Amino acid sequence: MRNLIISAALVAASLFGVTAQAAEAPAAPYVELSNPVPVAVPGKIEVVELFWYGCPHCYAFEPVINPWVEKLPSDVNFVRIPAMFGGPWDAHGQMFLTLEAMGVEHSVHAAVFNAIQKEHKKLTDKNDMADFLATQGVDKDKFLATFDSFAIKGQIVKARELAKKYEISGVPTMIVNGKYRFDIGSAGGAEEALKLADQLVAKERAANKAASN
């Protein structure tokens, strides 16, 4: 009987040790999507940032991510996608897609962010958007025509479908090569998020090289 009690105690201690080790194992800072999403430019490693102009965390991420984007190697394609969860999210997302289609997004992106985050402009009405953007050198009539165009409606559908496939629930969220999803919180901070992106890009680059050999 004594031996049975000792054996039971050893088994329990062993199981407790396994449980404790499992509990202490750090969780991965990213989620690997069960259904990878095709990239926009085949042959390039894609990094996506999903954002919203009304998000203060996205705004705070701007001075960190922008210098990083400028230094990306030629085999990496960076894409911004507006998250569209209804209301002002949709209005701001449509504005971004319109500016992108007009080829002026890069030059006025920071100004739009500042207007919403620092100057507290709502910019949810297309005419208010057009008036503000005119102060940034954007053609008002062209903006309004593009805003309501069939092409932009198609881009809105695409952006919503991608966000759904990425299974995002908030912003800013990053996706690497249609496979890995993470945010600033899960990565441990803004700088850490970009370091994680670099690691995953390197992982995908190595995988592509191995597959081509």
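What comes next concerns the included structure. Nothing here was measured: the structure is a model prediction, and the numbers come from that model. (Residues numbered from 1 in each chain as written. Predicted model: local features only at pLDDT ≥ 70, side-chain atom pairs only at ≥ 80, totals over all residues. Heavy atoms only, no water.)

### Here we look at the pairing of strand 5 (residues 180-183)
(1) Moving on: With two bridges connecting them, strand 1 (residues 31-32) and strand 5 associate as antiparallel partners. Each bridged residue has a counterpart across the sheet, and for V31 the counterpart in strand 5 is R181.
(2) Moving on: Relative to strand 5, strand 4 (residues 173-176) runs antiparallel, the two sharing four bridges. Looking at the pairing, T173 lines up with D183 of strand 5.
(3) Moving on: Between strand 4 and strand 5, which pair antiparallel in sequence order, lie three residues; one of them, N177, sits at a positive phi of approximately 55°. (Pairing = 2+ DSSP bridges. Helix = DSSP H or I, 4+ residues; strand = E, 2+ residues; numbered from the N terminus.)

### With respect to the packing of aromatic side chains
(1) Moving on: Within the structure shown, the criterion is met by ten aromatic pairs.
(2) Moving on: When the ring of F51 is compared with that of F113, the centres are 6.0 Å apart and the planes differ by 50°; the resulting orientation is tilted. Residue F51 is located in strand 2 (residues 45-51), and its partner F113 is located in helix 4 (residues 105-117); the two are separated by 62 residues in the primary sequence.
(3) Moving on: The class of F113 is buried, set by a relative accessible area of 1%.
(4) Moving on: Here the aromatic cluster, defined as three or more aromatic residues joined through ring pairs, consists of F51, Y53, Y59, F96 and F113. (Phe/Tyr/Trp six-rings, centres within 6.5 Å; stacked < 30°, edge-to-face > 60°. Buried < 20%, exposed > 50% of the residue type's maximum accessible area, 1.4 Å probe, protein only.)

### Observations concerning the pattern of salt bridges
(1) Moving on: One pass over the structure, following the stated rule, counts eight salt bridges.
(2) Moving on: Residue K126 pairs with D148 through a salt bridge whose shortest N-O separation is 2.6 Å. With K126 in helix 5 (residues 126-134) and D148 in the loop between helix 6 (140-147) and helix 7 (150-166), this pair connects stretches of sequence that are 22 residues apart.
(3) Moving on: Given a relative accessible area of 38%, D148 falls into the partly exposed group.
(4) Moving on: Through salt bridges that share partners, E49, E62 and R80 make up one connected network. (Salt bridge = Lys/Arg side-chain N within 4 Å of Asp/Glu carboxyl O.)

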